[in-house]
Amino acid sequence: MSPLFARYCFSHYCTTVTMVPSSSYASAVRFVLVVLLSRAFLALASPTPVAASGSGTIGAVDAERDETAVDRVKRELDARAPLAQLFSSCENSKQVALTFDDGPYAWSTEVSDFLTEVGGRGTFCYNGNNWACIYDAESQARVKYAVARGHQVVSHTWRHLDLTQLSFDRIHDEMWRVEQALERIVGLAPAFMRPPYGSYNNLVRQVSYQRNQSMILWDLDTGDSLGKSVSYSEQQYYDAINQNRENILALNHETYQSTVEQVLPYAIKLLQSKNYQLVTVAECLNMAPYQWTTTPQMPSSSWTC
Ligand SMILES: [Zn+2]
């Protein structure tokens, strides 16, 4: 005779009880007792049934399960989405790319002049609405001044927010607004962006990729935006040269007068004494600085921050 199986479940736990029928009276009693005890146990342990109507609790549980599945698929797709290239260093030997973030601002033209006077070029990572609005007449003039002298223009996004805290749409928005401003003012579509605070994640890289932009960081930080002294900033350049660095991608901020009027002349003099070429980020990476160029537009009332 085949054995009998009794399977009991509650919550996520199930158990199977094997019963071997016997002609004996004792076996029959044991069988009945096990069944009764199991039913009593289940009655005590089972959760209270939830009503299917009204609040729709059961439907919500199903929805949650579905949402988890959707999230999982989305995560797997995201993991396969292409990421923007990320550069922290130059590639060419004996080249230095001096970058200046957070403008256009008060000392922008001075930076441009210091570099131009020694036959060098630099890179400006512009915001749209940070220390000043890029559509202010003075800001527009500063952007045009830098571009006219061959310096590179890079997107540093619109408001200088930490992009890792933003949604996909808002990251696009932060990038798009400053790109629109640069296209309007100087007719340029930047091929590079620098994330504010150097803060990024895969979502930021995905959005940058979709906007055809490579991302740049740095391998020398003057520390000016961190409140470091002029001597600290100068020491960073001195140490890098003392180490015979093959190339340098340096982070400076054009929004500090001491950076522009003290650190920059010191760095230029030191770098040139060691025969480093002062070039743009695009040049030191052998890449194009812009996706395309077009004719700048005439200012209009829609140009606002
Ligand atoms: Zn910045």
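Structural notes, computed from the coordinates. What you see is a predicted model, and the numbers here were worked out from it, not measured in a lab.

Definitions and limits used
- Residues numbered from 1 in each chain as written.
- Predicted model: local features only at pLDDT ≥ 70, side-chain atom pairs only at ≥ 80, totals over all residues.
- Heavy atoms only, no water.
- Donors = N, O, S within 2.8 Å, 3.2 Å for Na, K, Ca; no water.
- Helix = DSSP H or I, 4+ residues; strand = E, 2+ residues; numbered from the N terminus.
- Contact = heavy atoms within 4.5 Å.
- Polar contact = N/O pair within 3.5 Å; in protein donor to acceptor, adjacent residues only side chain to side chain.
- Disulfide = S-S within 2.5 Å.
- Buried < 20%, exposed > 50% of the residue type's maximum accessible area, 1.4 Å probe, protein only.
- Phe/Tyr/Trp six-rings, centres within 6.5 Å; stacked < 30°, edge-to-face > 60°.
- Lys NZ or Arg CZ within 6 Å of the ring centre and 35° of its normal.
- Axes fitted to C-alpha atoms, helices over the stretch in contact; angles between N-to-C directions.
- Parallel < 35°, antiparallel > 145°, perpendicular 65-115°, else oblique.
- Left-handed = near helix turned anticlockwise from the far one by under 90°.
- Nonpolar A, V, L, I, M, F, W, Y, C, P; charged D, E, K, R; others polar.

Details of the coordination of the zinc ion
Only Asp102 (OD), His156 (NE2) and His160 (NE2) from the protein coordinate the zinc ion, and they sit 2.0 to 2.1 Å from it. For the zinc ion, all donor residues lie on one chain, and their spacing in sequence is D-x53-H-x3-H.

Some points on the environment of Gln291
Here Gln291 lies in strand E13 (residues 290-293). C-alpha separation for the pair Gln291 and Arg211, spaced 80 residues apart in sequence, amounts to 9.7 Å. Setting aside residues up to four positions removed in sequence, Gln291 forms contacts with Ala189, Pro190, Ala191, Arg211, Asn212 and Gln213. Polar contacts involving the side chain of Gln291 include one to the main-chain carbonyl oxygen of Arg211, which spans 2.9 Å.

Remarks on the state of the cysteines
Evaluated as defined, the whole model comprises two disulfides. The disulfide bridge from Cys90 ends at Cys284, spanning 2.2 Å between sulfur atoms. Between Cys90 and Cys284, the S-S dihedral sits near -75°, and the bridge is therefore left-handed. Of this pair, Cys90 sits in the loop between strand E3 (86-87) and strand E4 (95-103) while Cys284 sits in helix H9 (residues 281-285), and the two are 194 residues apart along the sequence. Two residues, Cys133 and Cys305, share a disulfide whose sulfurs are 1.9 Å apart. Between Cys133 and Cys305, the disulfide has an S-S torsion of 85° and is therefore right-handed. Residue Cys133 is located in the loop between strand E5 (123-126) and helix H4 (137-148), and its partner Cys305 is located in the segment after E13; the two are separated by 172 residues in the primary sequence. You can call Cys133 buried: its relative accessible area is 13%.

Some remarks on the packing of aromatic side chains
Inspection of the entire model under this criterion finds seven aromatic pairs. Ring centres of Tyr105 and Trp107 lie 6.0 Å apart, and the angle between their planes is 65°; on these two criteria the pair is classed as edge-to-face. Relative to Trp158, the ring of Tyr135 has its centre 6.3 Å away and its plane inclined at 50°; by these criteria the two rings are tilted. Here the residue Tyr135 occupies a position in the loop between E5 and H4, and Trp158 occupies one in the loop between strand E6 (152-155) and helix H5 (168-186), the gap between them amounting to 23 residues. Here the two residues Tyr135 and Trp158 agree in accessibility, since each one is buried. Among the aromatic residues, those joined into a ring-pair cluster are Tyr105, Trp107, Trp131 and Tyr256. Geometry around Tyr276 places Lys94 over its ring, the cationic atom sitting 3.9 Å from the centre.

Thoughts on the packing of helix H3 (residues 108-117) against helix H8 (residues 257-273)
Two elements in contact, H3 and H8, have axes whose closest approach is 11 Å; the angle formed by their N-to-C orientations is 20°. Classified by the angle between their axes, H3 and H8 sit roughly parallel to one another. Both H3 and H8 take part in a crossing whose hand is right-handed. Residue-level inspection shows Glu110, Val111, Phe114 and Leu115 of H3 in contact with H8, the latter providing Val260, Glu261, Leu264, Pro265 and Ile268. By residue class, the composition of the contact of H3 with H8 is seven nonpolar, no polar and two charged.

Remarks on unusual backbone geometry
Along the chain, Gly103 connects to Pro104 via a cis peptide bond; the corresponding omega equals 0°. Phi is positive for Asp102, which is not a glycine, with a value near 80°. Within the fold, Asp102 resides in strand E4. Phi at Tyr197 is positive, roughly 65°, even though this residue is not glycine. Looking at the secondary structure, you find Tyr197 in the loop between strand E8 (192-193) and helix H6 (202-210).

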